[in-house]
Amino acid sequence: MNKFILTASAAALALAASAGYAAARDQIQIVGSSTVFPFTTAVAEKLGQSGKIKTPVVESTGTGGGMKLFCQGVGENTADFTNASRAIKDSELETCKANGVTPVEIKVGFDGIVLANSKAGTVVDLTKEQVFKALAKNVAVDGKVVANPYKNWSDVDASLPATKIEVLGPPPTSGTRDAFVELVMDAACQEEVKAANEKGCGEIREDGAFVEAGENDNLIVQKLEANTNAFGIFGFSFLDQNADKLQGHKIDGVEPTFENIASGDYGVSRSLYIYAKKEHVGVIPGMQEFIAEYTSEGAWGPDGYLADKGLIPLPDAERATWAENAKALKGMGS
């Protein structure tokens, strides 16, 4: 029997007491959101270079996939942290609790979701309503809900280019997709579609106009460079880091810029999180050092190195509150 398959109440103590545990794994393991991945990787590398701890291993699995791995239990075969581009869902928290996992939630900043294409492509100004019509599985036409008939952007609105609708976006396991559905598809859902099917607003078309491009945002960037008619959906940080190759487009008249996202003017932005497994703190070496580094002003502050990578800092007071909660290891539900 695996010694790390333990009951919830005894897990932490048993882990601490397990002879040879630290030798079995002395390196933090992190899973989760591809959007948060570059920020967490930067923190991991910073700590590794300092020599304080062994550089943590960071894996991009998507927010949903990360939550599954994180909440599956306590022990050396389970992740210590998960990145998330949305808050943990009630169902995920219940799974965590059922498996003896107490998440410590830490909001680390903001991010905008952008619609971008190659700099060699056409510049467009879009509304949420136009994006909904272009990407929804079902739309209302002449008062009737039908399978999305629009092939070109100009079919959606005559002011848009007469080019094929082709959008590379995240898969259902992605927090970016969850946030995109909430902030764009639900927000701009047509009343007829909403009335016809309660799931209709979040259903993305599956006829080739929307292409699930996986969790590798860098691969999306490469594909957009190769296909100037295609657009991509991803976090602002990837646009920021690839500003020499890509251009972001206005949504409802507002450009996706650092300033517009921080001010709340850009209407497609969300919060980003990391979750620490409380039962592993004090058992897996370096977890407290990792949390302290992530929530330091030198990392997540306005002039910190994460801002250079595109993370939009939280307001001063909010950063102070989250840093205090993180230091106290305030677990969800505890």
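Structure's up top.
Residues numbered from 1 in each chain as written. Predicted model: local features only at pLDDT ≥ 70, side-chain atom pairs only at ≥ 80, totals over all residues. Heavy atoms only, no water.

1. Overview of the state of the cysteines
Point 1. Enumeration according to the criterion identifies two disulfides in this entry.
Point 2. Across the disulfide from Cys-71 sits Cys-96; the S-S distance is 2.0 Å. When the S-S torsion is -70°, as for the bridge of Cys-71 with Cys-96, the disulfide is left-handed. On the criterion of sequence distance, the pair formed by Cys-71 in helix α4 (residues 63-71) and Cys-96 in helix α5 (residues 90-98) is long-range, its members being 25 residues apart. The two residues Cys-71 and Cys-96 agree in class, both being buried.
Point 3. Put simply, Cys-189 and Cys-201 are joined by a disulfide, and their sulfur atoms are 2.1 Å apart. The sign of the S-S torsion, about -75°, decides the handedness of the disulfide formed by Cys-189 and Cys-201: left-handed. On the criterion of sequence distance, the pair formed by Cys-189 in the loop between α8 (175-186) and α9 (191-196) and Cys-201 in the loop between α9 and β9 (210-212) is long-range, its members being twelve residues apart.
Point 4. Looking at Cys-189, the relative accessible area reads 8%, which means it is buried. (Disulfide = S-S within 2.5 Å. Helix = DSSP H or I, 4+ residues; strand = E, 2+ residues; numbered from the N terminus. Buried < 20%, exposed > 50% of the residue type's maximum accessible area, 1.4 Å probe, protein only.)

2. Things to note about the packing of aromatic side chains
Point 1. Counting across every chain of the model gives four aromatic pairs.
Point 2. Between Tyr-273 and Tyr-275, the aromatic rings sit 5.9 Å apart at their centres with planes inclined by 25°, giving stacked as the arrangement. (Phe/Tyr/Trp six-rings, centres within 6.5 Å; stacked < 30°, edge-to-face > 60°.)

3. Let's talk about the pairing of strand β1 (residues 29-32)
Point 1. By the bridge criterion, two bridges tie β1 to strand β2 (residues 57-58) in an arrangement that is parallel. Note that in β2 the partner of Ile-30 across the bridge is Val-58. (Pairing = 2+ DSSP bridges.)

4. Observations concerning unusual backbone geometry
Point 1. We note that Asp-142 has phi near 55°; this positive angle belongs to a residue other than glycine.
Point 2. Turning to its location among the elements, Asp-142 is positioned in the loop between β6 (138-141) and β7 (144-147).
Point 3. A positive phi angle, close to 55°, is found at Asp-252, a residue other than glycine.
Point 4. Note on placement: Asp-252 falls in the loop between β12 (250-251) and α12 (258-263).

5. Examining the nonpolar core
Point 1. Ranked by size, the top nonpolar core spans 83 residues in total, and within it Leu-135, Phe-290 and Leu-306 carry the most contacts.
Point 2. With residues near it in sequence (within four places) discarded, Phe-290 still touches Ile-28, Ile-30, Thr-40, Val-43, Ala-44, Leu-47, Pro-56, Phe-81 and Ile-274.
Point 3. Within the second largest apolar cluster, eleven residues are counted, among which are Phe-70, Val-74, Ile-88 and Tyr-273. (Core = buried A, V, L, I, M, F, W, Y, C linked by side-chain atoms within 4.5 Å. Contact = heavy atoms within 4.5 Å.)

6. Quick notes on the side chain of Arg-270
Point 1. Here Arg-270 is to be found in strand β13 (residues 269-277).
Point 2. Looking at Arg-270, its side chain comes within polar contact range of the side chain of Thr-176, at 3.2 Å.
Point 3. When near neighbours in sequence (up to four residues on either side) are disregarded, Arg-270 contacts Thr-35, Ser-85, Gly-109, Phe-110, Asp-111, Ile-113, Gly-175, Thr-176, Ala-179, Leu-183 and Gly-235. (Polar contact = N/O pair within 3.5 Å; in protein donor to acceptor, adjacent residues only side chain to side chain.)

7. Overview of the pattern of salt bridges
Point 1. One pass over the full model with this rule turns up 13 salt bridges.
Point 2. Taking the shortest distance from any N to any O, the salt bridge between Asp-80 and Arg-25 comes out at 2.7 Å. You can see Asp-80 sitting in the loop between α4 and β3 (81-84) and its partner Arg-25 sitting in the loop between α2 (21-24) and β1, a full 55 residues away along the chain. Pair check on accessibility: Asp-80 and Arg-25 agree, each one buried.
Point 3. Of the charged contacts in the structure, one is a salt bridge between Glu-92 and Arg-86, with a shortest N-O distance of 2.9 Å.
Point 4. Salt bridges here are not isolated pairs; linked through shared partners, they connect Arg-86, Lys-89, Glu-92 and Asp-178. (Salt bridge = Lys/Arg side-chain N within 4 Å of Asp/Glu carboxyl O.)

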